[in-house]
Amino acid sequence: MRAIGVNELKIHASEIMRKMREERVSYTITYRGKPVGVLLPLKENGDVSQEKDQDSWSKLEEIREKMSSLPRPEKSLTEALSEMRFSA
C-alpha cells in the first residue's frame, strides 16, 4: 500500500482516483507523516473489499494461538530491561 500525504492527495486527486480505478492501487493517507486513513478500490459491484482485512485477522489469530501455547517467561519485559540497564 502506497503512502501519500494530504497535500499530495489534494494536488493529485484525479490521478490517484484513476490509479485506484484502473490499477487497483490502495493508499495510506498521512498527515504530517502519521497515517490517518486508507483509500481502497471497491469491487466491481461497488462493495467494499474485505479480503485483505479478513486475511490479516486470520494471520493475527494464528499468531495469538502460537503465542498462547508458548511457556510464560520467568521475568517480565520490564524486569529484564531494568537488569540490562543497571548491569551495563
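As the structure is a prediction and not an experimental result, all values here were calculated from the model.

A.B. asks: Just checking my understanding: could you explain the sheet that holds strand β2 (residues 27-31) for this structure?
C.D. replies: In sheet architecture, strand pairing relies on hydrogen bonds along the backbone and comes in two forms, parallel and antiparallel. Ordered by their spatial adjacency, 3 strands build an open sheet running β1-β2-β3, and the pairing between neighbours is mixed. Unpaired on one side and paired on the other, β1 (2-5) and β3 (34-39) mark the two borders of the sheet. The mean inter-strand angle of the sheet, taken between neighbouring strand axes irrespective of direction, is 35°. Of the pairings in the sheet, the one linking β1 to β2 comprises 4 bridges and is parallel in character. What sits directly across from I4, in β2, is I29. Relative to β2, helix α2 (residues 13-23) is tilted by about 155°, and along the sheet it contacts β1, β2 and β3.

A.B. asks: What exactly am I supposed to notice about the pattern of salt bridges here?
C.D. replies: Oppositely charged side chains may form a pair once their charged atoms are brought near each other. Tallied over the entire structure, the rule returns 6 salt bridges. Two residues, K19 and E15, come together in a salt bridge whose shortest N-O distance is 3.6 Å. Taken together, the residues K19 and E15, both in helix α2 and 4 residues apart, mark about one turn of the helix. Given a relative accessible area of 36%, E15 falls into the partly exposed group. In this structure, E61 and R64 form a salt bridge, with 3.0 Å as the shortest nitrogen-oxygen distance. Here E61 pairs with R64, and both are found in helix α3 (residues 51-69), just 3 residues apart, close to one helical turn. The class of E61 is partly exposed, set by a relative accessible area of 37%. Taking relative accessible area as the criterion, R64 reaches 48% and is therefore assigned partly exposed. Several salt bridges share partner residues, and in doing so they unite R18, R21, E22 and E23 into one network.

A.B. asks: Would you explain the environment of V36 in this entry?
C.D. replies: Among the structural elements, V36 can be located in strand β3. Each C-alpha atom of the pair V36 and V6 lies 9.4 Å from the other, and the pair is 30 residues apart in sequence. Sequence-distant contacts of V36, that is, excluding residues within four places in its chain, are made with I29, T30 and Y31.

A.B. asks: Where do I start with a nonpolar patch on the surface in this structure?
C.D. replies: A contiguous nonpolar patch, built from M1, V38 and L40 and spanning about 290 Å² of accessible area, is present on the exposed surface. By relative accessible area, which is 35% here, L40 ends up partly exposed.

Calculation notes
Residues numbered from 1 in each chain as written. Predicted model: local features only at pLDDT ≥ 70, side-chain atom pairs only at ≥ 80, totals over all residues. Heavy atoms only, no water. Pairing = 2+ DSSP bridges. Helix = DSSP H or I, 4+ residues; strand = E, 2+ residues; numbered from the N terminus. Axes fitted to C-alpha atoms, helices over the stretch in contact; angles between N-to-C directions. Contact = heavy atoms within 4.5 Å. Salt bridge = Lys/Arg side-chain N within 4 Å of Asp/Glu carboxyl O. Buried < 20%, exposed > 50% of the residue type's maximum accessible area, 1.4 Å probe, protein only. Patch = residues over 30% accessible without salt bridge, like charges linked within 9 Å, V, L, I, M, F, W, Y side chains within 5 Å. Areas by Shrake-Rupley, 256 points an atom, 1.4 Å probe, with all protein chains shown as cover.

Any functional reading would require information beyond the geometric quantities listed.
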